[in-house]
Amino acid sequence: MSVVPALTAPRKAKRLSVDERVLGTGLRVIVVRKPGVPLVEVRLRVPFQSARPADPARAAVLSDAMLTGAGQFDRSDLAAAVQGLGGDLSVGVDADRLMIGGNALATSLPQLFDLIATVLTEPTYPSAEVATERERLVEKLTIARSRAGVIAGEALAHRMWGEHPYAHDLPQARDVAATTPAQLRKLHADRVRPEGAVLVVVGDVSPARVLDRMESALSGWAGAAARARVPGLPEPVPAPLLVVDRPGSVQSSIRLGGSALGRDHERYPALQLANLIFGGYFSSRWTENLREDKGYTYGPHSRIEHAVLGSTLLLDVEVATEVTAPALLETRYELGKIASLPVTEAEVDAVRQYAIGTLALSTATQAGLASTLAALAAFDLGLDWIAEHPKRLGAVTVDEVSAAAMEFFAPARLVEVVVGDAATITEPLAVLGPVTTDA
Amino acid sequence: MPRSPKLPAPTFDIIHHTLDNGLRVVVSPDRSAPVIGVAVLYDVGIRSEPEGRTGFAHLFEHLMFQGSANLEKLEHFRYVQSSGGTFNGSTHFDYTNYFEAMPSNALERGLFLEADRMLSPRITQENLANQLAVVKEEIRVNVMNRPYGGFPWLVLPGVLFDTFANSHNGYGGFEDLESATVDDARDFFARYYAPANAVLAVGGDLDVDETLALVEKHFGPIRKRRAPKRPSFAEPPLTAERRAAHEDQHAPIPAVALGYRVPDPVGSLDEHLANVLLTEVLTDGDASRLQQRLVQRDHLVTDIGAYIGEFGDPFDERDPTALTITAHYPDAGSLDKILRAIDEELARVADEGLAAGELDRVRTRLVSVLLRELDAVLSRTLNLAKFELIYGRAELIAELPGRLAAVDEAAVRRAASAIRPDRRAVVELVAGAGR
């Protein structure tokens, strides 16, 4: 330790100036002044859950076609207008929300909002453009499903969530092909509404002025969204290791999953640290074992994902086909070890600093802060959560981390999937325990 | 169409210093958040690999993380991360970078970690064997097991360029990687990793004088060694079209890459910037020429993109560099139609020029994209180091908006007229998992 320079006293982050308002239409707007570069970032999050089987496909086409026409703008007029502001707009959707994201020169924010308002209130979904996007989406889905990671993700989600909407991250091509412009217009009218939506603006702007401007720019976007009833998330049930065949794979994609805790749970900071120690950062046990000692993989990763209905612990690693069984064995060993034996104080100290430092880094940019705030807003968390989280991490004890690891990393409670060349890997995997090929 | 706003430019202080051992240092303070970036760029990349050692620059990059003069294996990672920071490194055609983003109270520690491996990395047989295995898995996950993996950067240079330096596979063949030795690594370090062959950039929440003193303390004692003379890798423009096919067993639909040799990005910067703007005119967003024609009107391709530099960064390479157009398309029989449509659109730009406002909006967006890259302290620090190394002037970053503003329509038309079929290499990706 002697030659390595000690850390000096940490400097505190400056408090950001933030203003927040719920508009008359029900839209919640959060504006943060964050100078740096003369730009502004925008995230509009609209709740978009649905249990109707046709909706994931419709939502996906809607998101791809939303910017293909609005008011008097055709597709290229709209794109040209956004570009002229130094801007960019994009739309994405998942099982929880529709997200309109964008950025522009800070001085062009008012014009960007006028364009967003037109998209929200006067979308056209022209038939020819919808047909183009439908076809493209089918091709994009084909490409996505040729990737081992996507196949593995779908297999794991199905194992964990059964027929729950969360099991269907990507829509089916036949549902996409059957989507009509009229259905998109109806879905937009029913669901793209300000009540329950959150708009985050971060950049070189004055919050009070932006809020005033927003009241008028978005006053025409009104109304409540149609209610969507979605069942609660089931608890994943452990089952024999599922092997999915992907002929010709030179690697196997190993995935494990289980339930986790939300950010607002009092034990979440302990679980967050347990995850980092296990496989959530480079200096983790799983990485040091599988990569830096064995050379089985370019890198394993474990992480906690937060969705509205529940949080999930996800482990993923791609390993050479010939070491699939030994890599799974080492993975189960590391899981069993962290679930059975206490973690050390040195491990906890290291991940504590890492969690605090990387939170500061990830929210130190306009884009990073805007995305983080938009994600937190779904859980009624905001800048305060970011500001106070280091204190919560600081208070976690070694025993609390060990207890969280014991509960959530127990291999007996995790669901396992391997995608690879089944003819080669099934037999060696069966040596370690029961294997099935039935999804 | 709203009038384009005035183009903003970044404003930050840049301080230069050169140590006695030849290390060039760039410091850029920004006290708005308590974070810093540290980046070391060595002037050696894929192009300088010896024949029979493809992929060696990248394999060597891995070895630089395996311990150093005062640190055991794994300690580098642990010291960075337990300080609250992140790290990485990456190998490019003309340089290799190593970097950390950290809380500002870890500034001296970050400088120490970089200096310690510039002094001497621990290159052992055991570490080499371990990282050889890791690199093979990296190639499997990014290339061999992935549809469109490494396309086109691993295959297009082999058709577009002629010399070994410019045309070989930058990830490396397994045979070459397996034959690399500890002695190769020691020689490579001795030849290319001299302080005088590197640029150190430090940015963020720092005091300039204090930082320069810490740089002197940690990097100053590293012995001066002669920097290798960098050969010219230039190649003249093609005079006839070249074609090749590349089989991808996991790809469900075909893809194509068109590569064009373009002027020296450093020596002919203004021509280069006209080419950069041309790529934006061609494929940036739904209002761009090739998106409108090939995606929206003719339904020939699923997507299409144009960029300069093998990794999509137009300021990442010295001469030679390439302008690349890539597309995925559902119908394997439509390649000739796709090429014809691209040629027609380029000819339209060359012959008829741009629409009113087209250049302004594309330029405004490009400047905004450049500024956005400078928001994060680490990416700003990496950019400062890169412009210092490639262009000899970190200040060029701040001048780019002005230089771009000076590019007129005639220059973009000239650029388009040079992007001709007889100047290109075409690589067709054959979909092995096609229906």
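Analysis parameters
Residue positions are given per chain, counted from 1 along the sequence in the order it is written. Labels are handed out in written order, letters beginning with A for the chains and numbers beginning with 1 for the ligands. Reporting in this predicted model follows two pLDDT cut-offs: at least 70 for local features of residues, and 80 or more for side-chain atom pairs to be given and counted; totals over whole chains, interfaces and linings ignore these cut-offs and use all residues. Per residue, pLDDT measures the predictor's confidence, with a range of 0 to 100. Pairing between strands requires that DSSP locate at least two bridges from one strand to the other. Strands here are runs of E lasting at least two residues and helices are runs of H or I lasting at least four, both read from the DSSP assignment and numbered beginning at the N terminus. Inter-axis angles, ranging from 0 to 180 degrees, are taken between N-to-C directions of lines fitted to C-alpha atoms, where helices are fitted over the stretch in contact. We call two residues in contact when the distance between their C-beta atoms, placed using the backbone, is within 7 Å. Each angle receives one of four descriptions, namely roughly parallel if under 35 degrees, roughly antiparallel if over 145, roughly perpendicular if within 65 to 115, and oblique otherwise. A clockwise turn of the near helix away from the far one marks a right-handed crossing, whereas an anticlockwise turn of less than a right angle marks a left-handed crossing. Classification used: nonpolar for Ala, Val, Leu, Ile, Met, Phe, Trp, Tyr, Cys and Pro, charged for Asp, Glu, Lys and Arg, polar for all others including Gly. Segmentation of the chain into domains, including their bounds, is taken from an automatic or database domain assignment. The exposure label follows from counting other C-beta atoms within 10 Å of a residue's C-beta, where the C-beta atoms are placed from the backbone and the thresholds are 20 or more for buried and 12 or fewer for exposed, leaving partly exposed in between.

On to the confidence of the model for chain B, then. Residue-level pLDDT values for chain B average 96, and 99% of them are 70 or greater. Interface confidence in the predicted complex, given as ipTM, is 0.96; pTM for the same model is 0.97.

A few words now on the sheet that holds strand β6 (residues 88-93) of chain A. Residue and element names in this part refer to chain A. A sheet is described by the order of its strands in space; here six strands give the open sequence β1-β2-β8-β3-β7-β6, paired in mixed fashion. Pairing within the sheet leaves two strands with one partner each, and these edge strands are β1 (17-22) and β6. Taking the axes of each pair of neighbouring strands and ignoring which way they run, one obtains an average angle of 10 degrees across the sheet. Summarising the sheet, β1 and strand β2 (residues 28-33) pair through six bridges and their orientation is antiparallel. If you follow D19 over to β2, its bridge partner there is V31. Relative to β2, helix α8 (residues 207-217) is tilted by about 150 degrees, and along the sheet it contacts β1, β2 and β8 (198-203).

Another point: the packing of helix α1 (residues 56-63) of chain B against helix α4 (residues 125-144) of chain B. Residue and element names in this part refer to chain B. Between α1 and α4, the shortest axis-to-axis distance is 10 Å and the interhelical angle comes to 120 degrees. Accordingly, the angle class assigned to the pair α1 and α4 is oblique. For α1 against α4, the interelement crossing comes out right-handed. Residues H58, L59, H62 and L63 of α1 touch α4, and the partners they reach there are N127, L128, Q131, L132, V134 and V135. Of the residues belonging to the contact of α1 with α4, the class tally is six nonpolar, four polar and no charged.

Glancing now at the domain arrangement of chain A. All names here are of chain A. For chain A, the assigned domains read domain 1 (17-217) and domain 2 (241-436). Computed over C-alpha atoms, the centres of domain 1 and domain 2 are 29 Å apart. Taken together, the contact pairs 28 residues of domain 1 with 24 residues of domain 2. When contributions to the side of domain 1 that touches domain 2 are tallied by element, the ones reaching two or more residues are β2, β3 (39-47), β7 (97-105), α5 (148-161) and β8. Looking at the side of domain 1 that touches domain 2 element by element, the count peaks at eight residues for α5. For the side of domain 1 that touches domain 2, the class distribution of residues is 16 nonpolar, five polar and seven charged.

Further remarks concern the domain arrangement of chain B. All names here are of chain B. Partitioning chain B into domains gives domain 1 (15-219) and domain 2 (242-431). Placing a centre on the C-alpha atoms of domain 1 and another on those of domain 2 gives a separation of 28 Å. In terms of residue count, strand β3 (residues 35-42) provides more of the side of domain 1 that touches domain 2 than any other element does, six residues in total. Taken together, the residues of the side of domain 1 that touches domain 2 break down into 24 nonpolar, seven polar and five charged.

Once that is clear, we can look at the pairing of β3(A). Residue and element names in this part refer to chain A. Burial of β3 is extensive: eight of the nine residues sit out of reach of the surface. Relative to β7, β3 runs antiparallel, the two sharing nine bridges. Within β7, the position partnered with P47 by the bridge is R97. Of the pairings in the sheet, the one linking β3 to β8 comprises six bridges and is antiparallel in character. Looking at the pairing, R45 lines up with V198 of β8.

Next up on the list: the interface of chain B and chain A. On the chain A side, the residues contacting the 69 residues of chain B number 67 residues. Elements represented by at least two residues in the side of chain B that touches chain A include exactly α2 (75-81), β5 (96-103), α3 (107-119), α4, α11 (289-297) and α13 (358-373) of chain B.

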